[in-house]
Amino acid sequence: MKQASLQNNIFYNGDCVTGAREYLPDNSVDLLITDPPYGIKGDQLHKHYNRNEEFVIGGYVEIPQKEYADFSTAWIKEAERVLRPGGSLYIVSGYTNLVDILNALRTTCLREINHVIWKYNFGVFTRQKYVSSHYHILFYEKPGGVRTFNLECRYGLDEKTEEGKSLNNFDREDVWMINREYKPGQAKNKNELPTKLLIKMIQYSSNEGDLVCDFFLGGFSTANVAIGLNRRATGFEISRQMFDAKSKEIETLNPGGLISDLRNPTVSTLENFGTPWTDEEIQRLKEGFLQLADKGMTKAKMVAQLGEAHGRGRFAIVNALKKINCYNRIKSPSTTLDKFS
Ligand SMILES: C[S@@+](CC[C@H](N)C(=O)[O-])C[C@H]1O[C@@H](n2cnc3c(N)ncnc32)[C@H](O)[C@@H]1O
């Protein structure tokens, strides 16, 4: 298989199933982000999108609809094998053949974490029905290890909007609104994934130095962003035309070059964040709760005060109070609670 490389990042021009079998050892990949052909005549995608095709690189290889199910099973089996235990998999898919991908995933040990909806701008043109403007992103893990999920990599848990809403929570909701990139005058794949979308998946689900793989490199967007964030990258692209055009661009990349543009989150410094509760601490929580209840404090204030006292975040306090049957005794944020005995 023809190869291209940037330092230790090797990319292969060929089929991902045979290529993975030959070049990727078991349990070697930390994060696999991939966007397989949609089985809807990708070479005619331009008919659905109102854009100038002059700069789209030819040679996009589509999977015929009748082969889609078997093909999905074959590559997803390889994904299962190469991921390390605890490794993450993101599959971007349209709706048409999503069922084949879900069925293939169900034949593996891979476990669903989230089904994300990616909403983009300028949907497919229609007149007699609603405008289709989303893709599916299936987020799975290989069980058996510790999954990387960098909770505060983009927004600290305590960071809020002016209206007091949690920025961290908003960023982690499972509907993502990220616009597709309009790249006038630049050579590109038929449907390149936006940099912002890739940054988000790579930041949350990998660390610097981790190996990020893409089985369907297309315009090498996953590889570009992974290298830009100081991860290692590898992957496959079957089209010679695409591979030759895009692997040349990789050679000019600056590893880590995207890092200085990232937002610096204000990370919470809670003393006991993530540590298990001890029986003694639960007892103290209950006592503290009873004292504040006596004072007739509001729900929000109680939770905040208990959080400070225990060096824990709001969710940890609320969950612990629920477990000891205290939380639901608070009637509303502005009223006092029933006497607790
Ligand atoms: C949807 S595109 C990927 C786009 C890519 N995520 C990007 O941002 O540019 C799918 C790509 O998979 C390639 N492809 C099709 N069959 C393949 C196979 N068996 N192995 C590797 N690549 C394949 C196609 O040529 C196409 O470039």
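Keep in mind that this is a model prediction, so the values were computed, not measured.

Thresholds applied
Residues numbered from 1 in each chain as written. Predicted model: local features only at pLDDT ≥ 70, side-chain atom pairs only at ≥ 80, totals over all residues. Pairing = 2+ DSSP bridges. Helix = DSSP H or I, 4+ residues; strand = E, 2+ residues; numbered from the N terminus. Axes fitted to C-alpha atoms, helices over the stretch in contact; angles between N-to-C directions. Contact = placed C-beta atoms within 7 Å. Buried ≥ 20, exposed ≤ 12 C-beta atoms within 10 Å, placed from the backbone. Parallel < 35°, antiparallel > 145°, perpendicular 65-115°, else oblique. Left-handed = near helix turned anticlockwise from the far one by under 90°. Nonpolar A, V, L, I, M, F, W, Y, C, P; charged D, E, K, R; others polar. Arc of directions from axis to C-beta. Right-handed = clockwise from strand over helix to strand, strands pointing away.

**What to know about the sheet that holds strand β7 (residues 175-177)**
- With respect to topology, nine strands assemble into an open sheet ordered β1-β2-β9-β8-β3-β4-β6-β5-β7, the strand pairing being mixed. Sheet topology places β1 (2-6) and β7 at the edges, where each strand pairs with a single neighbour. Averaged over neighbouring strand pairs, the angle between their axes works out to 20° when direction is ignored.
- Two strands pair when backbone bridges link them, and strand β2 (residues 9-13) and strand β9 (residues 232-237) are joined in this way by three bridges, in the parallel orientation. Each bridged residue has a counterpart across the sheet, and for N13 the counterpart in β9 is E237.
- Each of β3 (29-34), β4 (83-93) and β8 (211-214) is contacted by helix α2 (residues 68-82), which is oriented at about 145° to β4, the strand it contacts most.

**Concerning the environment of V61**
- Locating V61 in the fold gives a position in the loop between β3 and α2.
- Classification of V61 as partly exposed rests on a count of 16 C-beta atoms within 10 Å.
- Along the primary structure V61 and G39 are separated by 22 residues, whereas in three dimensions their C-alpha atoms are 9.8 Å apart.
- Those residues in contact with V61, other than ones at most four positions away along the chain, are P37, I238 and S239.

**Digging into unusual backbone geometry**
- Of note, the phi angle at N27 is positive, near 55°, even though the residue is not glycine.
- The partly exposed category is assigned to N27, around which 16 C-beta atoms lie within 10 Å.
- The backbone phi angle of N325 is positive, close to 60°, even though this residue is not glycine.
- Looking at where N325 falls in the secondary structure, it is placed in the segment after α10 (314-323).

**As for the packing of helix α5 (residues 195-205) against helix α6 (residues 221-228)**
- Taken N-terminus to C-terminus, the directions of α5 and α6 make an angle of 55°; their axes are 9 Å apart at the nearest point. For the element pair α5 / α6, the angle class is oblique. Crossing geometry of α5 relative to α6 is assigned as right-handed. On α6, the residues touching T195, L198, I199 and I202 of α5 are S221, T222, V225 and A226.
- Per-class residue counts for the contact of α5 with α6 are five nonpolar, three polar and no charged.

**Observations concerning helix α1 (residues 16-23)**
- Within α1, burial applies to C16, G19 and A20. The buried side chains of α1 occupy one side of the element, clustering within an arc of 100° when seen end-on.

**With respect to the packing of α1 against α2**
- For the pair α1 and α2, interaxial distance at closest approach is 9 Å and the crossing angle is 25°. The orientation of α1 relative to α2 falls into the category roughly parallel. Between α1 and α2 lies a crossing of left-handed hand. Note on element contacts: α2 touches α1 through A74, W75, E78 and V82, opposite C16, V17, A20 and R21.
- Taken together, the residues that form the contact of α1 with α2 break down as six nonpolar, no polar and two charged.

**Here we look at the pairing of β4**
- The buried fraction of β4 amounts to eight of the 11 residues, a majority that puts the element mostly inside the structure.
- Bridge count for β3 against β4 is five bridges, and the pairing is parallel. Bridged to V29 within β4 is L83.
- In terms of strand pairing, β4 meets strand β6 (residues 134-141) through six bridges, oriented antiparallel. Paired with S88 across the bridge in β6 is E141.

**Structural notes on the pairing of β9**
- Summarising burial for β9: six of the six residues are buried, a large majority.
- Direction of pairing for β8 relative to β9: parallel, over a ladder of four bridges. If you follow L211 over to β9, its bridge partner there is R232.
- Handedness of the crossover joining β8 and β9 through α6 is recorded here as right-handed.

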